[in-house]
Each structure stands twice: as structure tokens, then as C-alpha cells.
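So the chains spell out like this:
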Amino acid sequence: MTKPDVLAVAKLHPFYLQALETLYTVHDRTHVTDPAAFAQLAPRILGVAGTGEASVPRSLLAQVTNAKVVSVFGVGYDGVDVPAAIEHGIPVTHTPDVLTDDVADLAMGLVLSVGRSIAQADQFVRAGQWPNGPMPLTRKVSGARMGIVGLGRIGKAIAQRASGFGMSIAYTARSEKRDVGFKYYSSAAKLAANVDFLVVITPGGAGTKHLINAEVLKALGPRGFLINVARGSVVDEEALIAALQNSTIAGAGLDVFAHEPNVPQALWSMRNVVLTPHMASATTETRQAMADLAFANMQAGISGQPLRTPVPECAAMLNK
Ligand code: NAP
Ligand code: 8YV
């Protein structure tokens, strides 16, 4: 018996791909590699599988006329044209919650790494510099002021961890949260002016593009550090590089970049930055949990069962 057809719009994590292949024939980016063949195949596609950064544009959604679901392996889905998916009656799912702990852990790791110069200290020892004298002093993290841009699932988990370090917490978001007990600022610039570590953890996409711009970096100031674990698009990368070069800010810890996997060469040699390759959810345990959830959503969508974790925008179409 032939298996139903699914389109992968990006290179899938092996955990997700292997699960899909047990039930479906997975076509790996055929829409890009062979558009003519894809035109024939498209009406047979029942599900679209992607990653948090993968592009699922309106033009593709119009082609997969019989698709029942877009299942994203990731909590962020800024690459999916959700309004177009809704117009075509295709619900979109993602993988919230299961990765929250890991992303919050990495955010704190970057805070500690930039504040205490851990990556630089490692290089200092390996380069044999210790016998020549001590490293320059670093920056105390415990008790410092943290500002969180985006107090959602992951932002709250970062706040919880930072509270364990005795840090004071303030935040900005689209709306003030009455139940959290942290100081709210109505803009990223106002928040930045009042903190030592500014941690960015919003969704990507048009609504947050360059939310962290030259003005915000100036407000963060020469003793402030920027941590970005959200999306590269949220930070104006050129403004950030200028701010680092001019000591407008003290340093940065970056897991995400504007044009991944390409990282601007200007950042490579800077001593005051720590760079990681979009790895905040990349533990074996969490990637397995994400794959299980993304696969469950794909199966549910194709078989007409209730979806496990649809994106909020799709709630209305699913309740009809
Ligand atoms: P979430 O629960 O939906 O939280 C998102 C938060 O961002 C909310 O507090 C929201 O404000 C706020 N926000 C949205 N637009 C904003 C704007 N224009 N200005 C200020 N704040 C804004 O999502 P989550 O589960 O915490 O995930 C957040 C994001 O983290 C994902 O979308 C993804 O981009 C990123 N992420 C990255 C990695 C990685 O590997 N580096 C891994 C996982 C997730 P309101 O609460 O007021 O609506
Ligand atoms: C993943 C992410 O690295 O969940 C997200 O939004 O950015 C990350 O967890 C990504 O989706 C997998 O490519």
C-alpha cells in the first residue's frame, strides 16, 4: 500500500523525519528542487512539515490544495503565512512548552557567559596566558537587573531562573501582565535604560522586526549586555555591530542571527560577544519531545483528529 504524501519544506531534524517516514512518503523540498515535478505532486500532499524558521508562503499553500495541516517543529512559526493558511482552510501547529526549559537555560547560560567572560576565560587558559597574569575582572551577575523583552512562556521561565540568581526582573510585552509582580515598561527602550542584561525572547516576523534598534542599544548603555534567543530579525544586526564596535553596549550573547547560518564576520573576532548556532532547544531530550509533538500534530491533522497544539490564530477556524 502506498503511503500518503507529505512535503518537508526544510531539512528536518532526524527525529521528526524518521517518525514521519513510518507513516508517510516524505518529499524533501521538492517544491524548490523540482518545481515542475512538484506541480504534479502538490494535489497529493496531505501535510506540510517545517521547522521554526522555514518558509511556508502563500504561493505554496495555494498549490497544496488537499493539505490538512502544516506541522512546525518549533514554537516559532514566523516563516508560515498563517493568514493564507487560514484562508485555504489549512490549520498550522507548533511545539510550545516542551522546549521552554531548554531555551530559558541557554538564555541564562549566555547571561552568565557574557557577564563572567566564561568563553574568553576558556580561551585565555588554552592560549597559555594564565602564567603571565590574571584575566581582567568580569561582571557580577547575581543581584543584577534583568530586562526581558517578551514575557511569554519562555520569558517567564527565564525570569524564574534569574530570580534564583537574586536578579531584579522588569519586562516589556504587548500588554502588561497583572499577575507576575515584575515592573512593566511600555517600550523596549524604556526597559533597556533600566537594566544590566536585556534578554530578547519574542516571536519573529513583521510585528517585531528591529524592535531592538540603535535607540534601544543606546538606552542599554556601555555597561549593558544584550542577549538574543528570539529570532535574528528582532535585532537590527547592523546597529548591534556598530554598538559593539563603539562600546555603546558592553557585550552580547547571541543564539540567533539575521541570515542564518551566516553570522557577520565582524562579530567573529569581537571579544565581548558569545555566539551560539541557534541551539537553544538543541538537547536530545527536547528535540525528541518536539519531534513527538510535531509528529502527533501531523498524524492528527491528516487523520482528522483534534490537533494537539494548533497556533492561537487557528483556534477560531478549528472551533467552527
Ligand atoms: P509566547 O509564549 O507566545 O511569548 C511571546 C511573548 O512575546 C509574549 O509575551 C508577547 O507579548 C511578546 N511579544 C510579541 N510581540 C511583541 C512585541 N511586538 N513587542 C513586545 N513583546 C512582544 O512564546 P514563547 O513560547 O515564549 O516563544 C517565544 C519565541 O522564542 C518564539 O516565537 C521563537 O521565536 C523564540 N524561540 C527561539 C528558540 C531558539 O532556538 N533560539 C527556541 C524557541 C523559541 P504578550 O504576552 O503581551 O502577547
Ligand atoms: C528550533 C526554534 O531550533 O522553536 C523555535 O522557534 O527556533 C527552535 O526551537 C527550530 O525550530 C528547529 O529548527
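The shown structure was predicted, so the numbers you read here are calculated from the model rather than taken from an experiment.

Observations regarding the site of ligand 2
Line of reasoning, step 1. The full set close to ligand 2 counts 13 residues, and Val-75, Gly-76, Arg-231, His-278 and Ser-281 are the nearest of them.
Line of reasoning, step 2. Glu-53 is positioned with one of its side-chain polar atoms (N or O) 3.0 Å from an oxygen atom of ligand 2.
Line of reasoning, step 3. Between ligand 2 and the protein, one listed contact pairs an oxygen atom with a backbone N or O atom of Val-75 at 2.7 Å.
Line of reasoning, step 4. Expressed as a share of its isolated accessible area of 330 Å², the protein-covered part of ligand 2 is 88%.
Line of reasoning, step 5. Looking at the shell around ligand 2 residue by residue, the class counts come to four nonpolar, six polar and three charged.

Overview of the sheet that holds strand β12 (residues 273-275)
Line of reasoning, step 1. Reading across the sheet, the seven strands line up as β8-β7-β6-β9-β10-β11-β12 and stay open at both edges, with parallel pairing between neighbours. Two strands bound the open sheet, and with one partner strand each, they are β8 (183-184) and β12.
Line of reasoning, step 2. As judged from the four bridges shared by strand β10 (residues 225-228) and strand β11 (residues 251-254), these two strands associate in the parallel manner. Across the sheet, residue Phe-225 finds its bridge partner in β11, namely Gly-251.
Line of reasoning, step 3. Across the face of the sheet, helix α6 (residues 100-116) comes into contact with β6 (145-149), β9 (197-200), β10, β11 and β12 while running at roughly 150 degrees to β10.
Line of reasoning, step 4. In the packing of helix α8 (residues 153-164) onto the sheet, the strands contacted are β6, β7 (168-172) and β9, and the crossing angle to β6 comes to about 175 degrees.

Concerning the site of ligand 1
Line of reasoning, step 1. As a structural note, the neighbourhood of ligand 1 is formed by 26 residues, with Arg-153, Ile-154, Arg-174, Ser-175 and Lys-177 the closest of them.
Line of reasoning, step 2. Backbone polar atom of Gly-152 to an oxygen atom of ligand 1: 3.1 Å apart, as the coordinates give it.
Line of reasoning, step 3. Residue Asp-255 places a side-chain N or O atom 2.9 Å away from a nitrogen atom belonging to ligand 1.
Line of reasoning, step 4. The protein chains hide 86% of the 940 Å² of surface that ligand 1 would expose on its own.
Line of reasoning, step 5. When its residues are assigned to classes, the shell around ligand 1 shows twelve nonpolar, nine polar and five charged.

Rules behind the numbers
- Residues numbered from 1 in each chain as written.
- Chains lettered and ligands numbered in written order.
- Predicted model: local features only at pLDDT ≥ 70, side-chain atom pairs only at ≥ 80, totals over all residues.
- Heavy atoms only, no water.
- Near = heavy atom within 4 Å.
- Polar contact = N/O pair within 3.5 Å; in protein donor to acceptor, adjacent residues only side chain to side chain.
- Areas by Shrake-Rupley, 256 points an atom, 1.4 Å probe, with all protein chains shown as cover.
- Nonpolar A, V, L, I, M, F, W, Y, C, P; charged D, E, K, R; others polar.
- Pairing = 2+ DSSP bridges.
- Helix = DSSP H or I, 4+ residues; strand = E, 2+ residues; numbered from the N terminus.
- Contact = heavy atoms within 4.5 Å.
- Axes fitted to C-alpha atoms, helices over the stretch in contact; angles between N-to-C directions.

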